[in-house]
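# Secondary and tertiary structure notes
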Amino acid sequence: MTSMSRARVARRIAAGAAYGGGGIGLAGAAAVGLVLAEVQLAKRVVGNGTAPHAPSAEGLYGSGYAAGGDPPLRLLLLGDSTAAGQGVRRAGQTPGALLASGLAAVAERPVELRNVALPGATSDDLERQVALALADSRRVPDVCVIMVGANDVTHRMPPTRSVRCLATAVRRLRTAGAEVVVGTCPDLGTIEPVQQPLRWLARRVSRQLAAAQTIGVVEQGGRTVSLGDLLGPEFAANPRELFGPDSYHPSAEGYATAAMAVLPTVCATLGLWPAEEERPDVSRREGFLPVARAAAEAASEAGTEVAAAMPSGPRGPWALLKRRRRRRVGETEPSPTSPSGV
């Protein structure tokens with residue numbers, strides 16, 4: 001599917017979500033049913049190597065920066081098993097811990113991590129998760145990271161409903177004063193036991209939903225980072241290294257690379273990224289595009305950020321598409337700080 005046709009489909013899904021429609025399919029109910037059956041079979045065949053519960057990583061990170069006197073930044077994770085960190089055994093290997101450590105190092109401030117993500121959750125669970133996040137009006141998160149979408153595909157949730165639930169969650173969090181970064185639907189075509197032609201179909205369905213999610217999120221004032229195959233070309237090149245024991249959830253190395261793709265955007269939402277990085281770099285094919293076009297391009301390339309730009313133009317709202325530099329697994333990075341009391 002070309003970028004332009006994906007943009008058209010994403011616009012239709014996002015419009016259906018905004019105006020209450022529910023009948024726009026991603027790739028046909030029968031075809032999606034085949035993807036569902038294949039993925040569920042894959043999970044049964046290889047799912048016994050995963051820890052049944054994600055390790056808890058909640059706590060204070062970067063406590064050594066407390067001497068500076070600034071209160072901790074509040075980081076909240078919402079979503080499904082990817083946000084929870086299912087598939088690894090140590091708390092420090094979860095994406096929440098990795099993001100909190102990285103944010104503390106960049107901000108030179110402590111970071112308080114809370115995680116309300118639920119393994120197995122679909123986007124309609126975000127209403128409950130947001131309610132938990134905002135239960136105490138005195139402790140609104142500074143920045144929220146949402147990772148959701150894969151279960152929407154495998155559970156055959158109508159894409160308009162999926163996008164509507166996500167957009168509503170983003171709007172509630174933004175209205176409360178939190179910044180929001182969404183890691184869009186990952187590429188289910190990277191799940192090793194899924195065979196062709198369903199691998200191709202799973203990739204197509206995932207990217208269509210990711211593009212539609214991007215439109216819904218950006219229109220509510222959030223930013224997205226396309227997870228795609230989570231790790232760009234590394235997943236295809238090193239599947240044994242970058243998948244966990246169940247071949248479904250990422251390994252520790254996989255989560256580390258995904259977290260490093262999201263971290264620059266988290267920092268940018270808080271004004272912590274270098275100013276020169278905020279300007280579009282033509283050499284990296286960055287720039288301003290109609291939001292649907294930006295969403296479609298981002299869905300095709302993992303690690304690509306989309307943020308709202310000019311409110312409107314001849315072809316509707318515009319967005320800034322950025323391809324921020326990020327570390328790959330194996331590259332040197334700062335030593336993560338440890339959570340206090342975890």
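Residues numbered from 1 in each chain as written. Predicted model: local features only at pLDDT ≥ 70, side-chain atom pairs only at ≥ 80, totals over all residues. Heavy atoms only, no water.

### Here we look at the pattern of salt bridges
Under the counting rule described, the total for this entry stands at 14 salt bridges. Between Lys322 and Glu286 there is a salt bridge, with its nearest N and O atoms 2.9 Å apart. Taken together, the residues span a long stretch of sequence, with Lys322 in strand E9 (residues 318-322) and Glu286 in the loop between helix H11 (252-269) and strand E7 (287-290) at a distance of 36 residues. Residue Lys322 is classed as buried on the basis of its relative accessible area of 1%. The closest approach of N and O atoms between Arg293 and Glu297, which form a salt bridge, is 3.2 Å. Here Arg293 pairs with Glu297, and both are found in helix H12 (residues 291-299), just 4 residues apart, close to one helical turn. Among the residues examined, Arg293 registers a relative accessible area of 29% and is labelled partly exposed. Where salt bridges share partners, they join Arg285, Arg293, Glu297, Glu301 and Arg323 into one cluster. (Salt bridge = Lys/Arg side-chain N within 4 Å of Asp/Glu carboxyl O. Helix = DSSP H or I, 4+ residues; strand = E, 2+ residues; numbered from the N terminus. Buried < 20%, exposed > 50% of the residue type's maximum accessible area, 1.4 Å probe, protein only.)

### Quick notes on helix H7 (residues 159-176)
Look at H7: 26 Å from first C-alpha to last across 18 residues, which is about the 26 Å you get at 1.5 Å a residue. Regarding H7, the residues found buried are Pro159, Thr160, Ser162, Val163, Leu166, Ala167, Ala169, Val170 and Leu173. (Expected span 1.5 Å × (residues − 1).)

### Let's talk about the pairing of strand E4 (residues 143-147)
Within E4, 5 of the 5 residues are buried, which leaves the element mostly enclosed by the surrounding structure. What you see with E4 is no split at all: Val143, Val145 and Met147 on one side and Cys144 and Ile146 on the other are buried throughout. As judged from the 5 bridges shared by strand E2 (residues 73-79) and E4, these two strands associate in the parallel manner. From the neighbouring strand, Leu76 faces E4, where its bridge partner is Cys144. (Pairing = 2+ DSSP bridges.)

### Observations regarding the nonpolar core
Of all hydrophobic cores here, the largest spans 31 residues; its most connected members are Leu75, Leu99, Leu103, Val145 and Val262. Those elements giving two or more residues to this core turn out to be E2, helix H3 (81-84), helix H4 (95-107), strand E3 (111-115), E4 and H11. Sequence-distant contacts of Leu75, defined by excluding residues within four places in its chain, comprise Gly96, Leu99, Ala100, Val111, Glu112, Leu113, Arg114, Val143 and Val145. Cys185, Leu188, Val205 and Val306 belong to the second-largest nonpolar core, a separate cluster that totals 24 residues. (Core = buried A, V, L, I, M, F, W, Y, C linked by side-chain atoms within 4.5 Å. Contact = heavy atoms within 4.5 Å.)

### Topic: the confidence of the model for the protein chain
Put simply, the protein chain has an average pLDDT of 79, and 68% of its residues get 70 or more. Here residues 21-30 is a poorly scored stretch, pLDDT under 50, and it has 21 contacts once near neighbours within four places are set aside; other chains count. Between residues 231-235, whose pLDDT stays under 50, and residues either more than four places distant or in other chains, the model counts 16 contacts. (pLDDT = per-residue confidence, 0-100.)

### Regarding unusual backbone geometry
Its identity is not glycine, yet Glu108 carries a phi of approximately 55°, on the positive side. With respect to the helices and strands, the residue Glu108 is situated in the loop between H4 and E3.

### Observations regarding the side chain of Thr265
Residue placement: Thr265 occurs in helix H11. A polar contact is formed between the side chain of Thr265 and the side chain of Glu305, at a distance of 2.7 Å. Non-local contacts of Thr265, meaning those with residues more than four positions away in its chain, are made with Val181, Arg223, Val225, Glu305 and Arg324. (Polar contact = N/O pair within 3.5 Å; in protein donor to acceptor, adjacent residues only side chain to side chain.)

### A few points about the pairing of strand E5 (residues 179-183)
Most of E5 is tucked away, with 4 of its 5 residues classed as buried. One ladder, built from 5 bridges, connects E4 with E5; its direction is parallel. The residue of E5 that forms the bridge with Met147 is Gly183. Relative to strand E6 (residues 223-225), E5 runs parallel, the two being bridged by 3 bridges. Bridging across to E6, Val182 finds its partner in Thr224.

### Points about the packing of helix H5 (residues 126-133) against H7
Look at H5 against H7: their axes get within 9 Å of each other, and the N-to-C directions meet at 10°. When the axes of H5 and H7 are compared, the pair comes out roughly parallel. Facing H5, whose interface residues are Leu126, Glu127, Val130 and Ala131, H7 presents Cys165, Leu166, Ala169, Arg172 and Leu173. By residue class, the composition of the contact of H5 with H7 is 7 nonpolar, no polar and 2 charged. (Axes fitted to C-alpha atoms, helices over the stretch in contact; angles between N-to-C directions. Parallel < 35°, antiparallel > 145°, perpendicular 65-115°, else oblique. Nonpolar A, V, L, I, M, F, W, Y, C, P; charged D, E, K, R; others polar.)

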